[in-house]
Amino acid sequence: LRGREDLLDLTETGRGLKVQTQKPHLVSLGSGRLSTAITLLPLEEGKTILGSAAGDIVLQGAGVAPQHCFIENARGTLTLHPCGHPCAIDGQPITCPTRLCQGHVICLGQATFLRFSHPAEAKRMKSQVVPDEWQSPGPPRGLGTGGSFAGRGLGAWGLWPRRGNGE
């Protein structure tokens, strides 16, 4: 789909379909096993409110509050603000504003999963790493806390493939 500033490329890849955009976005992985669609949700400059009520991005799912959280996009740096509701990044609960990195998987409520994609950041990461070393961006880091969160990543929860050491 071309013609707008937010370019969206659709490419057939044999039996599959590849969808790409150059702007930071979320890929909705649905709200459980009965979900059959994948949705791209753009994250424009400024504040994007996510929740079950009318807002910028409306999500349905168990435990998703009307104004569950928001994502701030400040010149390409994106930060998730939980607003006091259950949020996790790569299986790690967060309670304070946390910077998002390419590939993070966000869970809102009990089972609403979103994958964060930042094409410019992915391009930078690919140019700095050899393919065998591609890994998850690591545990989320809260802003202002100076530390990382301990705990298990999505691989440990059986939601994401483990990497390295034959796992």
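See above for the structure.
Everything numeric here is computed off the predicted structure, so don't read it as measured data.

Caption draft 1: Quick peek at the overall build of the protein. Within the protein one finds 1 helix and 13 strands. Ordering the α and β elements of the protein from the N terminus gives β-β-β-β-β-β-β-β-β-β-β-β-β-α. Relative to its 167 residues, the protein shows a buried fraction of 34%. Here the analysis covers contacts within the protein between residues at least 6 apart in sequence; of these, 40% occur between residues at least 24 apart. Element-wise, carbon and sulfur atoms account for 54% of the exposed surface of the protein, whose accessible area totals about 10,300 Å².

Caption draft 2: Inspection of the pairing of strand 5 (residues 46–51) at higher detail. Direction of pairing for strand 5 relative to strand 7 (residues 69–74): antiparallel, over a ladder of 5 bridges. Counted as the bridge partner of Lys47 is Glu72 from strand 7. Judged from the 2 bridges that link them, strand 5 and strand 6 (residues 57–58) form a sheet pairing that is parallel. Paired with Leu50 across the two strands is Ile57, which belongs to strand 6.

Caption draft 3: Representation of the side chain of Ser28 within the structure. Along the chain, the position of Ser28 falls in strand 3 (residues 25–28). Under the relative-accessibility criterion, Ser28 is labelled buried at 12%. Once you skip the residues sitting within four places of it in the chain, Ser28 turns out to touch Ala37, Ile38, Thr39, Leu41, Phe113 and Leu114.

Caption draft 4: Local environment of the nonpolar core. Ranked by internal contacts, the top residues of the largest apolar core, which has 19 residues, are Leu26, Leu50 and Leu80. Apart from the residues within four sequence positions on either side, Leu50 is in contact with Leu26, Ile57, Leu59, Gln67, His68, Cys69, Phe70, Ile71, Leu108 and Leu114.

Caption draft 5: Focus on the packing of aromatic side chains. Tallied over the full model, the rule gives 0 aromatic pairs. When the ring centre of Phe70 is taken as reference, the NZ or CZ atom of Lys47 above it lies at 4.4 Å.

Caption draft 6: How the structure looks around the sheet that holds strand 11 (residues 98–99). Strand order in this open sheet of 5 strands is 6-5-7-8-11, and the pairing throughout is mixed. Where the open sheet ends on each side, the last strands, each with one partner, are strand 6 and strand 11.

Caption draft 7: Region of the structure containing the side chain of His104. With respect to the helices and strands, the residue His104 is situated in the loop between strand 11 and strand 12 (105–108). Side-chain polar atoms of His104 contact the backbone nitrogen of Cys101, separated by 3.0 Å.

Caption draft 8: Representation of unusual backbone geometry in the model. Even without glycine at this site, Arg75 takes up a positive phi of about 55°. As for its position among the elements, Arg75 is in the loop between strand 7 and strand 8 (77–81). For Arg75, a relative accessible area of 76% translates into the label exposed. With a phi close to 50°, Asp90 is a non-glycine residue in the positive phi region. Note on placement: Asp90 falls in the loop between strand 9 (87–89) and strand 10 (92–94). Residue classification places Asp90 among the buried residues on the basis of a relative accessible area of 9%.

Caption draft 9: Expanded view of helix 1 (residues 119–128). Within helix 1, the full set of buried residues consists of Pro119, Glu121 and Ala122. Down the axis of helix 1, the buried set is contained in an arc of 155°. They therefore lie on one face. Exposed and oriented more than 90 degrees from the buried face of helix 1 are Lys123, Ser127 and Gln128.

Reading guide: rules and limits
- Residues numbered from 1 in each chain as written.
- Predicted model: local features only at pLDDT ≥ 70, side-chain atom pairs only at ≥ 80, totals over all residues.
- Heavy atoms only, no water.
- Helix = DSSP H or I, 4+ residues; strand = E, 2+ residues; numbered from the N terminus.
- Buried < 20%, exposed > 50% of the residue type's maximum accessible area, 1.4 Å probe, protein only.
- Contact = heavy atoms within 4.5 Å.
- Areas by Shrake-Rupley, 256 points an atom, 1.4 Å probe, with all protein chains shown as cover.
- Pairing = 2+ DSSP bridges.
- Core = buried A, V, L, I, M, F, W, Y, C linked by side-chain atoms within 4.5 Å.
- Phe/Tyr/Trp six-rings, centres within 6.5 Å; stacked < 30°, edge-to-face > 60°.
- Lys NZ or Arg CZ within 6 Å of the ring centre and 35° of its normal.
- Polar contact = N/O pair within 3.5 Å; in protein donor to acceptor, adjacent residues only side chain to side chain.
- Arc of directions from axis to C-beta.

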